[in-house]
Amino acid sequence: MEFWQFHPTGVAGAGVLITEGVRGEGGILLNKHGERFMERYAPTLKDLAPRDFVSRSMDQEIKEGRGAGPDGDHVLLKLDHLGAETIMKRLPSIREIAIKFANVDPIKDPIPVVPTIHYQMGGIPTNYHGQVVVPKDGNPNAVLGGLYAIGECACVSVHGANRLGTNSLLDLLVFGRAAGNHIVASKLKDGAQKPLPRDAGDNALARLARIDGSKSGENAQDVANDIRRTMQAHCGVFRTSELLEQGVQKILEIEGRCNDIHVKDKSQVFNTARVEALEVANLIETAKATIVSAEARKESRGAHAHRDYPERDDVSWIKHTLWFSEGNRLDYKPVTMKPLTVETFQPKARTF
């Protein structure tokens, strides 16, 4: 759960993503001095370097005082040199996003961008059939019968610590098909069902009752924004032991506030305020899983760039982190290194 991929070009302040195809068409990143700074970080690939590398380079520029804007908190994506005809023909939706969310027309002005959370490499652990697996009796991959997960919520252990962009197809098509085929072949409808406990829905109903019965408390968005700010500051593109330790404590403090959220709107139909309050409870769980796992991993690997431990440690850390909500505790399970039909790819340093 500690491995989150940052997309380099999210619209500053809005988070809407600007596709990497913009840089493929010739868009370039500039700091506040108008310098094309990626030439310093990746002299060969420049603006087309891998996502995590570009994100860290942008973050470095901002942290070293070369960020643009009144607060120096973003960099600029320049497109105007491509010409109005090219932008209108090949990047019309990007122009629309820039106008709508950044209030700039890229035909005339650069788009303010900042690295933005994009993809979670971890998730619910599964096998390649999409079956959810859990540690049990010494088996780290014991199948939890009848429960499947696919897509971004699942972790099939194919992305490593930094997913390739095209692996969305792997997530959705390959494992989606595999899960569907396995469900059909398993004839789950023919199997016996476990008795449903009498109190099966009590926890869910209690969550709703707490929100609906609130008389006072904090606004859901205020708590959610504090979670976001804390995670961005303490568990972002670059991480250190001190930042992570402080971040864990701050997130645990914010967790206490999640039970004190007040919703003024008590209506029962299409109540988005209630949905937002429920989402905060999910958000804090994800934040805890991420930052507690990251604080424990004493190395750098893929999307987890730890400045106090800059090297990858294959002896100690080729393993999956398992986070348990109950007790906020960690466990680990081995990574499957042997493919079914091809030779094993040995881990090696990434160069470009």
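Here the structure is a predicted model, which means the values were calculated and not measured. (Residues numbered from 1 in each chain as written. Predicted model: local features only at pLDDT ≥ 70, side-chain atom pairs only at ≥ 80, totals over all residues. Heavy atoms only, no water.)

**Q** Can you walk me through the overall build of the protein chain in this structure?
**A** Broken down by element type, the protein chain carries 11 helices and 12 strands. Whereas a compact globule of 352 residues would reach a radius of gyration of roughly 20 Å, the protein chain reaches 23 Å, a difference of no more than 12%. With the principal axes as the frame, the protein chain shows a C-alpha extent of 65 × 60 × 45 Å. Scored against the burial criterion, the 352 residues of the protein chain give a buried share of 39%. In the protein chain, 65% of the contacts between residues at least 6 apart in sequence involve partners at least 24 apart. Surface summary for the protein chain: the accessible area is close to 19,700 Å², and the carbon and sulfur share equals 55%. (Helix = DSSP H or I, 4+ residues; strand = E, 2+ residues; numbered from the N terminus. Rg over C-alpha atoms; globule rule 2.2 N^0.38 Å. Buried < 20%, exposed > 50% of the residue type's maximum accessible area, 1.4 Å probe, protein only. Contact = heavy atoms within 4.5 Å. Areas by Shrake-Rupley, 256 points an atom, 1.4 Å probe, with all protein chains shown as cover.)

**Q** I tried to follow the pairing of strand β4 (residues 111-120) on my own but got confused; where do I start?
**A** Burial of β4 is extensive: 8 of the 10 residues sit out of reach of the surface. Pairing of strand β1 (residues 4-11) with β4, which is carried by 6 bridges, proceeds in the antiparallel orientation. Pairing of Trp4 across the sheet is with Gln120, part of β4. With 3 bridges connecting them, strand β3 (residues 75-78) and β4 associate as antiparallel partners. Opposite Val75, over in β4, you have Val113 as the bridge partner. (Pairing = 2+ DSSP bridges.)

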